[in-house]
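Listed below are the residues making up each chain.
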Amino acid sequence: MKPEALLYPTPDGLYCPEGNFHIDPVRPVSRALITHGHSDHARAGHQHVLATRQTLDIMRIRYGEDFCGSEQAIAHGETVDINGVTIRYYPAGHVLGSAQIAVEKSGTRIVASGDYKRSPDPTCEDFVPVTCDVFITEATFGLPVFHHPNPRDEMAKLLQSLKQFPERTHIIGAYALGKAQRVIMLLRNAGYDAPIYIHGALARLCDYYLSQGIPLGDLRPATVEKQDAGIFKGAVVIGPPSAFADRWARRFSDPVPAFASGWMMVRQRARQRGVELPLVISDHCDWPELTQTIRDTGAGNIWVTHGREEALVRWCELHGIAAKPLHLVGYEDEGD
């Protein structure tokens with residue numbers, strides 16, 4: 001079966017006509033297969049949703065009980081038949097519950113990776129390379145200039161700053177799903193056992209991670225009104241990037257603004273955000289990881305989605321691998 005007949009892009013998202021389903025659709029559809037819980041991939045309003053149990057739970061936390069008409073949980077490695085098309089989920093290593101989706105019929109297998117990363121992350125299952133005919137890869141950091149440092153070295157920078165400025169509050173911007181919990185775990189694994197204060201927007205998701213056995217340690221609300229502001233001197237406070245634009249961030253003691261993102265490699269982005277302590281921590285692959293993953297899948301065809309598509313397509317062509325951009329729209333870098 002030709003891959004283009006099994007799966008192809010539409011305005012709603014990737015569509016499989018044989019199975020009559022979409023993968024990570026950007027508009028409400030009758031049947032949606034969801035890779036992970038970030039809002040650019042997991043939207044509310046679908047009639048039926050197939051995803052991992054953790055992704056379904058996260059969608060419920062973010063959108064409410066009626067986020068879809070009906071739901072079906074699938075475990076990693078489990079096989080489901082949808083109208084004669086074989087579906088199997090594999091870990092993507094992006095955030096808790098994230099998955100790659102293998103779509104197979106008549107001897108053709110396409111793997112839609114969603115968003116993924118290869119570096120170890122104690123808050124989610126590691127990425128598993130899947131042999132396939134077509135690999136659909138993101139390209140968020142799809143330029144040769146992107147080589148992400150070891151996250152432990154970035155945590156060492158943060159711990160050094162805490163020692164250097166013991167009276168200042170270190171406020172870290174981190175996306176609510178995945179990045180915030182990863183930063184907390186990186187701190188814990190680096191030996192930081194003091195309370196970590198979190199913005200209210202992180203509370204329910206952090207509670208869910210705790211319920212899934214992720215040991216985030218002592219987390220406390222970063223609420224100034226109800227307690228002495230002096231407790232935040234020398235403390236770590238984590239909030240969503242959007243919180244930096246409101247009065248909440250200005251209530252702390254001579255704050256050190258920090259931001260955890262792969263984009264902190266780009267100095268101009270750090271300056272634009274007013275970031276004093278950039279932490280280059282990404283939940284996406286850098287250039288070497290993207291190219292290594294393409295090799296690991298053994299795929300003869302690579303379809304490149306959101307991000308720096310042209311550079312990765314060109315790399316594939318130079319290495320004798322057929323490749324093309326899909327030009328999908330509606331996907332951002334929420335979990336960068």
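The structure reproduced in this document is the subject of the present report.

**A closer look at the nonpolar core**
No. 1: Judged by nonpolar contacts, the single largest core of 35 residues is most densely connected at Met 155, Leu 158, Ile 172, Ile 196, Val 236, Ile 238 and Leu 279.
No. 2: Those elements giving two or more residues to this core turn out to be helix H2 (53-63), helix H3 (151-164), helix H4 (179-189), strand E13 (196-198), helix H5 (200-211), strand E15 (236-239), strand E16 (256-260) and strand E17 (277-279).
No. 3: No other element matches H4, which puts 6 residues into this core.
No. 4: Apart from residues no more than four positions distant in its own chain, Ile 172 is found in contact with Leu 158, Val 183, Val 236, Val 237, Ile 238, Gly 239, Phe 244, Ala 258, Ala 260 and Leu 279.
No. 5: Ranked by size, the runner-up nonpolar core spans 24 residues in total, among them Ile 23, Ile 74, Val 80 and Ile 110.

**Focus on the layout of surface pockets**
No. 1: What the largest pocket holds in volume is close to 290 Å³.
No. 2: Lining the largest pocket we find 20 residues, and of these Ser 119, Pro 120, Asn 150, Pro 151 and Arg 182 sit closest to its centre.
No. 3: Among the elements of the structure, H3 and H4 are those that each provide at least two residues to the lining of the largest pocket.
No. 4: Residues that form the lining of the largest pocket fall into these classes: 8 nonpolar, 5 polar and 7 charged.

**Things to note about H4**
Structurally, the α-helix is built with 3.6 residues per turn, so residues lying three or four positions apart point the same way.
No. 1: Counting buried positions over the 11 residues of H4 gives 10, a clear majority of the element.
No. 2: Looking only at H4, the buried set comprises Lys 179, Ala 180, Gln 181, Arg 182, Val 183, Ile 184, Met 185, Leu 186, Leu 187 and Arg 188.
No. 3: Directly after H4, the chain includes Gly 191, whose backbone phi takes a positive value near 100°.

Rules behind the numbers
- What you see as residue numbers is a count from 1 along each chain, following the sequence as written.
- In keeping with the predicted nature of the model, local features appear solely for residues at pLDDT of at least 70, side-chain atom pairs appear and are counted solely at 80 or more, and the whole-chain, interface and lining totals rest on all residues.
- Note: side-chain values were computed over all heavy atoms of the structure, leaving out hydrogens and water.
- Nonpolar cores are built from buried Ala, Val, Leu, Ile, Met, Phe, Trp, Tyr and Cys residues. Side-chain atoms within 4.5 Å join them into one set.
- Each residue's exposure class comes from its accessible area (1.4 Å probe, protein chains only) as a fraction of the maximum for that residue type: buried when under 20%, exposed when over 50%, partly exposed otherwise.
- The way it works is that DSSP assigns letters per residue, a run of H or I at least four long becomes a helix, a run of E at least two long becomes a strand, and they are numbered from the N terminus.
- Any two residues having at least one pair of non-hydrogen atoms within 4.5 Å are treated as being in contact.
- The definitions used throughout rest on a 1 Å grid laid over the protein atoms alone, on which a cavity is an enclosed set of points accommodating a 1.4 Å probe that cannot get out and a pocket is an open set flanked by protein within 12 Å on both sides along at least five of seven lines; lining residues are those having an atom within 4 Å of a point.
- Grid points are joined across faces, edges and corners, and a volume is the space filled by probe spheres set on the points.
- Three categories are distinguished: nonpolar for Ala, Val, Leu, Ile, Met, Phe, Trp, Tyr, Cys and Pro, charged for Asp, Glu, Lys and Arg, and polar for the others, with Gly belonging to the last.

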